[in-house]
Amino acid sequence: MPHTHPTHHYQLPHFEGDILQITDLHFSYPDGHAALHGIQLCLAQGEKVALVGPNGAGKSTLMLHLNGILGDSGAVTVAGLPLNPKTLPQIRAAVGLVFQNPDDQLFSPTVFEDVAFGPLHMGLPEAEIHIRVDAALESVRMSAYRERLSHHLSVGEKKRIAIATVLAMNPRLLVLDEPSAGLDPRARRTLIHLLRDLPITMLVSTHDLALAKELFPRMIIMDEGRIVADGPTLELLQDQGLLEAHGLEKP
Amino acid sequence: MPHTHPTHHYQLPHFEGDILQITDLHFSYPDGHAALHGIQLCLAQGEKVALVGPNGAGKSTLMLHLNGILGDSGAVTVAGLPLNPKTLPQIRAAVGLVFQNPDDQLFSPTVFEDVAFGPLHMGLPEAEIHIRVDAALESVRMSAYRERLSHHLSVGEKKRIAIATVLAMNPRLLVLDEPSAGLDPRARRTLIHLLRDLPITMLVSTHDLALAKELFPRMIIMDEGRIVADGPTLELLQDQGLLEAHGLEKP
Amino acid sequence: MHADAFDRYYHAESPLHRLDPRVKVFLTVAFILSNALLSDGVWAAFGLAWLLILFANRFSGLGVEFSFKRSFIALPFALAAVSAIFIPAGQPLAEWTIGPIQLVPTDFGLMRFASILLRSWLSVQAGILLVAVTQFPDMIHAFEHLRVPAILTTIIAFLYRYLFVLTDEVMRLLRARESRSAALPGLKSGGSLFWRARVAGNMAGQLFLRSYERSDRIYNAMLARGYQGQMRTLRSHTMTRRDWLILSLGLFALIFLQLLARL
Amino acid sequence: MLFSPAPLHIPDGFLSLIISLFFWVITVVAVGMAISKTNKTLGEKQVPLMGIMAAFIFAAQMLNFPVAGGTSGHFLGGTLAAIVLGPWAAILVVTAVVGLQGLLFQDGGLLVMGANIFNMGILTALIGFGLYRSVINANKTTRLIVAGLGAWLATMAAALLASLQLWLSGTSQLQVVIPAMLGVHALIGIGEALVTVAALAFIMQARPDLLDAKAVVEKGGRGWIYGGVLISILTVLLSPFASGDPDGLERVAETMGFLDRGLSASYQILPDYTVPFLGETALSTIVAGMVGALVLLGILVLIGGLLKRRAS
Ligand SMILES: Nc1ncnc2c1ncn2[C@@H]1O[C@H](COP(=O)(O)OP(=O)(O)OP(=O)(O)O)[C@@H](O)[C@H]1O
Ligand SMILES: Nc1ncnc2c1ncn2[C@@H]1O[C@H](COP(=O)(O)OP(=O)(O)OP(=O)(O)O)[C@@H](O)[C@H]1O
Ligand SMILES: [Mg+2]
Ligand SMILES: [Mg+2]
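The text that follows walks through the structure, step by step, so that each part is easy to find. These numbers were taken from a predicted model, which means no experiment stands behind them.

### Focus: the site of ligand 1
All names here are of chain A.
Piece 1. Lining the immediate surroundings of ligand 1 are 14 residues, of which Asn 55, Gly 56, Lys 59, Ser 60 and Thr 61 lie closest.
Piece 2. Separating an oxygen atom of ligand 1 from a side-chain N or O atom of Glu 178 is a distance of 3.3 Å.
Piece 3. When the free accessible area of ligand 1 is taken as 630 Å², the share hidden by the protein chains comes to 66%.
Piece 4. Each residue belonging to the shell around ligand 1 can be placed in one class, and the counts come to four nonpolar, seven polar and three charged.

In C-alpha cells, the structure reads:
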C-alpha cells in the first residue's frame, strides 16, 4: 500500500503559549455518575506536573479527556487548537497518553509493531516510521527489544515500551496514568531517571508522593471531580491539613 | 438467628511449637527456571514477618509452596503436619493465602458467596458457615457489604474482602502477597490498622519497606531464590549496603 | 506467572527459520493438500512424503527427529478411525466375537485405517515444523500477504497477544480456588457437583466481564494512538530470489510425489 | 498438558478433500457475512472486542471443575459468546479460536478447518443464539434454562455433524462413530450447559445491560430463531434415530442419492473425485484438487477485496 500522507499534516503548527488549557470542564459517565465538576487548568510548555488524589477522584477521567477519548464539550484546548472532531487526529498526535496497565497499552504481538502503531496510523511514510520507532526505543533504552514478543517482558520492561509507543508519535504533551504502580524500587528508580531526562511537557497521575516530590515541581490535587489545590509541590506537601483532608500522606 | 454451634468444634487439632518449618526447599518451574534454592525458614506462633526482595526474587513462588499449590518435596511442615497429598486439604485449612491482586481471589458474584466458599468447601454446617462469614466480614469491617457484587467494589474494598475470604476459614497462618500494591494512602493506612489488629501469625511479602518497618518486627530478604537476610526489621533497614545489593531502598 | 508453555517457536539459526513466512505457510498448506490427494495404500508416496518432512527437519537446525517426537498429539483422534478396520470390503483377516458383537477386520479396512493415520500424522508434522520455525507474528503477516482479510488476521493477532494475559489470569483464579479448597478432619469436603459447576461458571462469568471491559480499555489505547477504525500494517517481508527458488523446489517435489503415486 | 485435543477438533487426514472443501466454502461465506455484519453493528470497536473475546474462550477452556473419580469437565464457551456477543460476532470469535488452535497447536487441521469452524462456530451460533433469542422476553429462569439447553444441544449438534462428516469421508463407520461421539458429548454437553448457565447468571447480575432484551435483539434478526429452532429439532430427531438405527440414516442417504452401492461404496466414491473429461487418471485427480484450491483462494480474495472497498 502506498502511504503517501505527508507528515506535516499531523504536526501541530508551531505555537507559543500554554500547551494545554482547560476551562470549566464537566463530565458525567453514561450511567449518570458525575466524575468531573468544572475543571480549570493550564499547562505551560516544558512544565512537569504531578496529579494526585484518592481513588475515584477523577484523575483517569480527566486524562481521558486530554485527547478526546471522553467528552467533546469544547472545554479543552491543546496547543491553541480547540478539541473537536476535526482537530482530533492532530490532537491525538500531540498528546501522548500512557495508561496505567501496560497490558492494556501493548496490544500487538511484537514490540516493534506496537511502537510503530501510532506512526503508522498517522500515515507516516515507512522510512519515517522506522526512524521514529528506533528513536523512541532508544530514548527508553530498549533498542535491543525491537523484535521481542510483548508477552515475554517483565512489568518494568513493558512499562518502558508503553512509554516508547507514545514517544514514537513525537507528542508535545506526555500524559502518564500511575506509571510507578507495581514496580520494585529498582525499576521505579529507572523510571524516575527516564522521566527526568525526557525533555517533554508532562502530566503524571500518581499515588506515590515521594515520586511526585522528587520529579515534579508543580502538583495538582484532585478530589471528587474537582481540583482542590494547585501549586508548588514542596509547599503543598507541607500542608498537613490539606493532605489529610484528601486522603493523602506526607512521603 | 440462633447461631448456637460452637465454632471450636470445627478446628484443626491443637498444636504447640513452630507453626511453619521449611527445611532446604528447592523448586524449579516446569520450563526449567530454578526459582528457589535451599530455603530454610521457621515461623513461631504469633509472629508477624515481612518478606521483601526485588521483582523475581521468588517471594510469590515461596508463598505458593506454603499451602501446596506448588511443590511437594516434603520440605514444608505446617503446624506439625508434613505437607503431602494426604495432609494437603488440612494444610489448606490451616494456611490462608491472599494473592496480590484481589481480582484473582474473588470469583463469586456476591461478597457473601465468596467469603462462604472456603467454609462451604470444608463441608461445615450451614449455621456455622453464617457465623464464620459474619465474623470474617466483621473483622475487616465490611459487614455492610455482605450482599454487594464484588465486581463493583473499589480496589481497597476488594482487598479487604479478599482477606475476609481466608479469615472465614480460621487459618493458623495468614500469608499475604503484596497487600498494599495499588492502594491509595488512605486505603493503605486502613490496611495497616487491619493487619496490626488481627491476632494471627502472618507472613507478608511487600515492596513497601515503610509498611514493613511499621508493622513487622521481623524481616526476611530474598534475592534470586535465596534468603539473604533474616532478622529484626529495624536492624536490617540500617544496613545500607545490604539493601542496595538487593535492589531495595531505605524508606 | 508465565504462560509461555504455549509458545511453539524454537529459535535456531537455520535456512528454514530465515525463509519468508509466506513460502513456509504456502508449502505447508500445499503439503497437507498433497497428502489429502494421495489415495489409500500408496505406501511409497507416503514414505516419500515423510522423507520430505525429514528433509525439512534437517534444514530447521532443530534435529531430524524434531517433528516426529512431537507428532503424537493427534493420536487420540485415531480412535475415530478405528472402525474403518472393520469395513466389510476386501478379504476378512480374522473373526473376533466379543459378547454379542462380531468384529471382522478386513485387509481393505486395515489399509484404509493405516492410510488415514499416515495422512494425518504427516500433516501434523508439517504443522509442527511450521510453528517451530516461524514466529507467530510472522505467520500472521504471511496470511496478510496471502490476502486473508485484515480484520481476521488482526483479530488473531489480538487473540495471540491476550492469550497469554488471560491464561495467566485464569491460572491465578484456579490457584485462588485451589488454595481455599480445604478440608477438616472428620468432615466431608468438596460440596455438591452442582455447586462446583456453579463456581466454575462464576469464574467463567467473572473472566468474561473482565475480558469484555479490558477490550474497552484497549480500544481507548488504540484511539489514543490514532486508530480510526482501520488497521494498517507494514508489509515487512519481501521475497528474495532464494525464497522463490525454495518455493518452486518444494512445489516441484510435491508434484513429483503426486505423479509417483499415480504410476 | 493444557490443551488436549478435544474430540471435536478434527485433524487433517480424517476428512476427504471434497468434504473439507465443501465446508470451507460454506464457512468462508458465513465468515464473510459475519465480518460485514459486525463491521456495521460494532463499528471500529469490533477488532479489540473480538480479539479479546477469542482469547477469553481460549482461556476459559482451562476452567475445569472436578466431576468425579479424578475426571473433570471443561468449558467450551461458544454458546456463552453467541448469547452475549451475538451470533455474528460469535462466529468471528470462534473462527479466530479454531484458527489459532489449528495453526499454533495442531489442535484440528488446516485443510479441515472449514469443517471445524462450521461445527463449533456456526452451528453453535445458530442454536445458542437462536434458542435464546426465541425466549428473549421470558423471565430470567426460562432464559437461563433455554440457554443451558442451547449449550447442550450445540455440543450435541457439533458432535453429530462431525460424525456425519467422518462417515461421509469414509473414515468411520456410522454405527460406531455416532453412538461413541454422541455418548461422550452428551456428558460434555451437561458440563457445558451448567457452566454456561452459571456464567450467564453471573453476567445478568453484574452487567444486566449486556443481556437486556433490546441489546440481544439488536445483535441478530428473527431469522436466527427459525434457523436455531430448525437445527435444534433436526439434532433432537436425528440423534436418537442415528444412534439407535444407523442403518436408517444410511437408507435415507441412499434414497437421496448420496450412495448407490451400500455401505462400502462410500469408501470408494468420495476419495476418488475426478474431472469427467479427463477420466480416472492421476492428472484428473490433481486437476480436481487444484480447482478446489483455486475456488477457495478466489473466494478469499473476493471477500478480501469487498471488505477493502467497503472500508475505504
Ligand atoms: N466507565 C465508568 N462508568 C461509570 N463511572 C465510572 C466509570 N469509570 C470511572 N467511573 C467513576 O468515576 C469516578 C472517577 O474515576 P477515575 O477512574 O477517574 O478515578 P481515579 O482518580 O483515576 O482513581 P484511581 O486512583 O483509583 O485510578 C469514580 O467514582 C469511578 O467510580
Ligand atoms: N510459571 C512460571 N514459569 C516459569 N518461571 C516462573 C513462573 N512464575 C515465576 N517464574 C520465575 O520465577 C522467578 C520468581 O518469581 P516470583 O513470582 O516468585 O517472584 P517475586 O519475588 O514474587 O517477584 P515480584 O516482586 O515481581 O512479585 C522469576 O524469575 C520468575 O520469572
Ligand atoms: Mg485512575
Ligand atoms: Mg510476586
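### Topic: the environment of C:Val42
Piece 1. Within the element layout of this structure, C:Val42 appears in the loop between helix H2 (21-37) and helix H3 (43-58).
Piece 2. Once the C-alpha coordinates of C:Val42 and C:Leu263 are considered, the two residues, 221 residues apart in sequence, prove to be 9.9 Å apart.

### Some details on unusual backbone geometry
Residue and element names in this part refer to chain B.
Piece 1. The phi torsion at Asp 24 lies on the positive side, around 50°, for a residue other than glycine.
Piece 2. Within the fold, Asp 24 resides in strand E1 (residues 20-28).
Piece 3. Note on Asp 24: relative accessible area 47%, which makes it partly exposed.
Piece 4. Of note in the backbone geometry, Arg 141 takes a positive phi value of approximately 60° without being a glycine.
Piece 5. With respect to the helices and strands, the residue Arg 141 is situated in the loop between helix H5 (126-139) and helix H6 (155-167).
Piece 6. Since its relative accessible area comes to 48%, Arg 141 is described here as partly exposed.

### So, the pairing of strand E10 (residues 226-232) of chain B
Residues and elements named next belong to chain B.
Piece 1. Here strand E9 (residues 218-223) runs beside E10; their pairing, made up of six bridges, is antiparallel. Counted as the bridge partner of Met 219 is Gly 231 from E10.
Piece 2. Counted between consecutive antiparallel strands, the loop separating E9 from E10 contains two residues, among which Glu 224 sits at a positive phi close to 50°.

### Here we look at the interface of chain C and chain B
Piece 1. Each partner contributes to the interface: chain C provides 28 residues, whereas chain B provides 33 residues.
Piece 2. Both sides together, the interface formed by chain C and chain B hides about 2900 Å², and carbon and sulfur atoms give 59% of it.
Piece 3. Among the residues of chain C in contact with chain B, C:Arg175, C:Arg180 and C:Leu184 are the three that bury the most area, contributing 26% of the side total.
Piece 4. Across the chain C-chain B interface, the total number found is four salt bridges.
Piece 5. Two residues, C:Arg172 and B:Asp104, come together in a salt bridge whose shortest N-O distance is 2.7 Å.
Piece 6. For the side of chain C that touches chain B, the secondary-structure elements that each account for two or more residues are helix H8 (150-179) and helix H9 (193-224) of chain C.
Piece 7. Broken down by element, the side of chain C that touches chain B gets its largest block of residues, nine residues, from H9(C).

### Notes on the packing of aromatic side chains
Piece 1. Going through the model one piece at a time under the given rule, you end up with 24 aromatic pairs over all chains.
Piece 2. Between C:Trp50 and C:Phe68 the ring centres are 5.9 Å apart and the planes differ by 40°, which places this aromatic pair in the tilted class. Of the two residues, C:Trp50 sits in helix H3 while C:Phe68 sits in helix H4 (residues 66-69), which places them 18 residues apart along the sequence.
Piece 3. Residues C:Phe208 and C:Tyr212 carry aromatic rings whose centres are separated by 6.2 Å and whose planes lie at 20° to one another, so their mutual orientation is stacked. Here the residue C:Phe208 and the residue C:Tyr212 both occupy positions in helix H9, the gap between them amounting to four residues, near one helical turn.
Piece 4. Exposure remark for C:Phe208: the relative accessible area of 0% places this residue in the buried category.
Piece 5. By relative accessible area, C:Tyr212 is classed as buried at 18%.
Piece 6. An aromatic cluster of three or more residues is present, and its members are A:Phe107, A:Phe117, C:Phe158, C:Tyr162, C:Tyr219 and C:Tyr227.
Piece 7. Above the plane of the ring of C:Phe66 lies C:Arg70, whose end atom (NZ or CZ) is 4.0 Å from the centre.
Piece 8. Over the aromatic face of C:Tyr162 sits the side chain of C:Arg161, whose NZ or CZ is 5.3 Å from the ring centroid.

Cut-off values and rules
- Positions within a chain are numbered from 1, following the residues in the order the chain's sequence is written.
- A letter from A marks each chain and a number from 1 marks each ligand, given out in the order of writing.
- Since the coordinates come from a predicted model, pLDDT governs what is reported: local features require at least 70, and pairs of side-chain atoms require 80 or more to be given and counted, while whole-chain, interface and lining totals use all residues.
- Each side-chain value is worked out from all heavy atoms of the structure, with water and hydrogens disregarded.
- One heavy atom within 4 Å of a molecule or strand makes the whole residue count as near it.
- Counting of polar contacts relies on pairs of N or O atoms within 3.5 Å, with two restrictions inside protein: one atom must be capable of donating a hydrogen and the other of accepting it, and residues adjacent in sequence are counted only when both atoms are side-chain atoms.
- Surface accessibility in these figures is a Shrake-Rupley result with a 1.4 Å probe; residues are shielded only by whichever protein chains are displayed.
- When residue character is reported, Ala, Val, Leu, Ile, Met, Phe, Trp, Tyr, Cys and Pro are called nonpolar, Asp, Glu, Lys and Arg charged, and the others, Gly included, polar.
- A run of H or I in DSSP counts as a helix once it spans at least four residues, and a run of E counts as a strand once it spans at least two, with each numbered from the N terminus.
- Partly exposed residues are those whose accessible area sits between 20% and 50% of the maximum for their type, while under 20% is buried and over 50% is exposed, using a 1.4 Å probe and protein chains only.
- The criterion for strand pairing is that DSSP finds at least two bridges linking the strands in question.
- Contact criterion: two residues are considered in contact whenever any of their non-hydrogen atoms come within 4.5 Å of each other.
- Two parts lose some accessible area (1.4 Å probe) when they are put together, and adding that loss for both gives the buried area.
- Any Lys or Arg side-chain nitrogen found within 4 Å of a carboxyl oxygen on Asp or Glu counts as a salt bridge.
- In this scheme Phe, Tyr and Trp rings, the latter by its six-membered ring, pair at centre separations within 6.5 Å, and the angle between planes marks the pair as stacked below 30 degrees, edge-to-face above 60, and tilted otherwise.
- A positively charged side chain is recorded as over a ring if its NZ (Lys) or CZ (Arg) lies within 6 Å of the ring centre. The angle to the ring normal must also be within 35 degrees.

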